[in-house]
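Spelled out from the first residue to the last, the chains are:
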Amino acid sequence: MTERDTTAQVEQAQSAALRLANVDAADRDAALGAIADAIRDNSEAILAANREDVEEAEAMLADGEYTQALVDRLKLDEAKLDDIAGMVESVAEQDDPLGETLEARELDADLELYKLSVPIGVVATIFESRPDALVQIAALALKSGNAVILKGGSEASESNRVLYETILSATEELPDGWATLIEAHEEVDRLLELDDMVDLVMPRGSSEFVSYIQDNTQIPVLGHTEGICHVYVDEAADLDMAADIALDAKVQYPAVCNAVETLLVDESVAADFLPTVVARYHDEGVVLRGDEATREHVAVDPATDDDWDTEYGDLELSIKVVSDLYDAVDHINAHGSKHTESIVTGDAERAETFMTGVDAASVFHNASTRFADGYRYGLGAEVGISTGKIHARGPVGLEGLTTYKYYLEGDGQLVATYAGEDAVPFTHEALDAEWNPGHRSRRD
């Protein structure tokens, strides 16, 4: 595809975004329902395409070019497709994020200012091998009134193509160009140049990949990077609970970014806790590495300094014995990716110290890191999990795909009235009111 073609696609998306912002909530929800139905109805074709991707990925795995974690993320089946359709329906069930009055203020009698939620506009996403990511992102974009440009990994190209075609066939009533699939690296490079037309780009991948995107565009970037997550077993932990949480956080689905990569254990409970949890990990086939203090209690491979900064994305885990709560917090802040951290403790004050001291988008008390997910948070789905602090943080759902604008309702007022020696003062009173076009909530 030529640069002209890519530019034309983005221009169409820009036009579609303006029109999609004015499609009412009922029609957007109906379109989401149609997408869910179409995914279920077209499951045979989707799964056939996915089998092609998986077969090629398994060949690459045998050659050592792909990891098992990537192959696992790639696979779809009937149950997974039904979950994907259910996710789309869950997005439709969310409150309409558009047109919400976030703030209202009277500047003077019959002069009222309203701050309303609106779509961002044209959002572009570049994501990894999970085909369900395409559907999640498209559904959230539609619900929030944004046009979306989708670029998935080449390892999922057949799956993504059929899913995209399924979505388009179900949304023929929506503005043309509301969703666009690009596939070539050259198209991505051209896309990144169009900072006057694309409002936000959301890459999902490694820190190096996100940094590449940030370095090669002037478009605002909302990055989803690695998940180097920790579970800390405190001196006041219920050790049975801690073992259950540590196991779930690793083995329930190890290939995702909210799986735990490092287990931190307080030295005061290490002798009692480590033999039990290590035995359970071994039963699940987890490859373990530990620091010297860990290996005094259990037989595991030695951990290196690199292990503390590694996202395994597989049945692998590093273990470190720490001297106290503050040592755990220091380790996490030095080596974590600001994604999700968890403390297991029966002491509320120690939990508070941990939760306020750790710098991460999500911090849990007595719960598995695997709960860090847009669907589980009740957001319907997620575009990704932002580990930054600007605009959106944690699972990025509908709110993260909106911004705001100010509406001012007046009755012929002039700035000159409020300036100079005889200036009329502003009232600046908060209003408990929703914006109503052409109407003011308070009158003399």
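Treat the numbers as computed from the prediction; the structure is a model and nothing was measured.

**Regarding the packing of aromatic side chains**
Here the structure, examined in full by the defined rule, presents four aromatic pairs. Measuring from centroid to centroid gives 6.1 Å for Y232 and F354, while their planes differ by 20°, and the two rings are stacked. Taken together, the positions of Y232 in strand 7 (residues 229-233) and F354 in helix 14 (residues 348-357) put the pair 122 residues apart, joining distant regions of the chain. Judged by centre distance (5.8 Å) and plane angle (80°), the rings of Y404 and Y406 are edge-to-face. We classify Y404 as partly exposed; its relative accessible area is 42%. On the basis of relative accessibility, which here comes to 48%, the residue Y406 falls in the partly exposed class.

**Section: unusual backbone geometry**
The backbone of D110 sits at a positive phi, close to 65°, despite the residue not being glycine. Taking relative accessible area as the criterion, D110 reaches 14% and is therefore assigned buried. Backbone geometry places H428, a non-glycine residue, at a positive phi of 50°. Mapping H428 onto the fold places it in the loop between strand 16 (402-409) and strand 17 (429-430).

**Quick look at the sheet that holds strand 2 (residues 111-119)**
As summarised here, the arrangement of the four strands in space is 16-2-1-17, forming an open sheet in which the pairing is antiparallel. Two strands bound the open sheet, and with one partner strand each, they are strand 16 and strand 17. As paired strands, strand 1 (residues 101-108) and strand 2 are joined by six bridges and run antiparallel to one another. Bridged to E103 within strand 2 is K115.

**Digging into the pattern of salt bridges**
Working definition: two side chains of opposite charge can pair if their charged atoms are close together. What the rule picks out here adds up to 17 salt bridges. Here D29 ties to K143 by a salt bridge, and the two come within 2.7 Å at their closest N and O atoms. Highlighted residues: D29 in helix 2 (residues 25-41) and K143 in helix 6 (residues 131-143), separated in sequence by 114 residues. Accessibility expressed as a relative area gives 1% for K143, which makes it buried. Put simply, R130 and D132 hold a salt bridge, and the shortest N to O gap is 3.0 Å. Each member of the pair, R130 as well as D132, is classed as buried. The structure contains a network of salt bridges with shared partners spanning R40, D82 and E89.

**So, the side chain of S337**
Structurally, S337 is set in the loop between helix 13 (325-335) and strand 12 (340-344). There is a polar contact of 2.8 Å between the side chain of S337 and the backbone nitrogen of I228.

**Observations concerning the environment of P119**
Here P119 lies in strand 2. For the pair P119 and E399, spaced 280 residues apart in sequence, the C-alpha separation works out to 9.4 Å. Ignoring anything within four residues of it in the chain, the contact list for P119 reads A21, L98, S144, G145, N146, L401 and T403.

**Some remarks on helix 10 (residues 239-251)**
Each α-helix winds once per 3.6 residues, and so residues spaced three or four apart point in a common direction. Relative to the 18 Å expected for 13 residues at 1.5 Å per residue, helix 10 spans 18 Å between its end C-alpha atoms, a close match to the ideal helical length. Within the sequence span of helix 10, burial applies to A242, A243, I245, A246, L247, A249 and K250. Those residues of helix 10 that are buried are in contact with strand 7, strand 8 (260-266), helix 11 (270-283), strand 11 (316-322) and strand 12. Capping the start of helix 10, D238 holds a side-chain oxygen 3.0 Å from the backbone nitrogen of D240, two or three residues further along.

**Examining empty space enclosed by the protein**
Applying the stated rule across the entire model yields three cavities of 30 Å³ or more. Reported here for the largest cavity is a volume of approximately 50 Å³. Taken together, M202, P203, R204, L222, G223, H224, V383, G384, I385, S386 and V396 make up the lining of the largest cavity. Secondary structure elements with two or more residues in the lining of the largest cavity: strand 6 (200-203) and strand 14 (385-386).

**Here we look at the sheet that holds strand 8**
If you trace the seven strands from one edge of the open sheet to the other, you get 10-9-11-8-7-12-13, paired in parallel fashion. Both edges of this open sheet fall to strand 10 (301-302) and strand 13 (362-365), since each of them pairs with a single strand only. Bridge count between strand 9 (residues 287-290) and strand 11: four bridges; the pairing is parallel. Paired with V287 across the bridge in strand 11 is E316.

**Notes on the domain arrangement of the chain**
The domain architecture assigned to the chain consists of domain 1 (6-97 + 119-222) and domain 2 (230-382). For domain 1 and domain 2, the distance between their C-alpha centroids amounts to 32 Å. Every contact between the two is made by twelve residues of domain 1 and, on the other side, eleven residues of domain 2. Here domain 1 meets domain 2 over a buried area of about 880 Å², counting both sides, of which 52% is carbon and sulfur. Contact with domain 2 buries area across many residues of domain 1, yet R73, Q94 and L140 alone supply 36% of it, more than any other trio. Here domain 1 is connected to domain 2 by zero salt bridges. Here domain 1 and domain 2 share two residue pairs in polar contact (both at pLDDT 80 or more) between them. For the side of domain 1 that touches domain 2, the element with the most residues is helix 4 (residues 68-74), which contributes four residues.

Basis of the calculations
Residues numbered from 1 in each chain as written. Predicted model: local features only at pLDDT ≥ 70, side-chain atom pairs only at ≥ 80, totals over all residues. Heavy atoms only, no water. Phe/Tyr/Trp six-rings, centres within 6.5 Å; stacked < 30°, edge-to-face > 60°. Helix = DSSP H or I, 4+ residues; strand = E, 2+ residues; numbered from the N terminus. Buried < 20%, exposed > 50% of the residue type's maximum accessible area, 1.4 Å probe, protein only. Pairing = 2+ DSSP bridges. Salt bridge = Lys/Arg side-chain N within 4 Å of Asp/Glu carboxyl O. Polar contact = N/O pair within 3.5 Å; in protein donor to acceptor, adjacent residues only side chain to side chain. Contact = heavy atoms within 4.5 Å. Expected span 1.5 Å × (residues − 1). 1 Å grid on protein atoms, 1.4 Å probe; cavity = no way out; pocket = protein on both sides within 12 Å on 5 of 7 lines; lining within 4 Å. Points joined across faces, edges and corners; volume = space filled by probe spheres on them. Domains from an automatic or database assignment. Buried area = accessible area lost by both parts, 1.4 Å probe.

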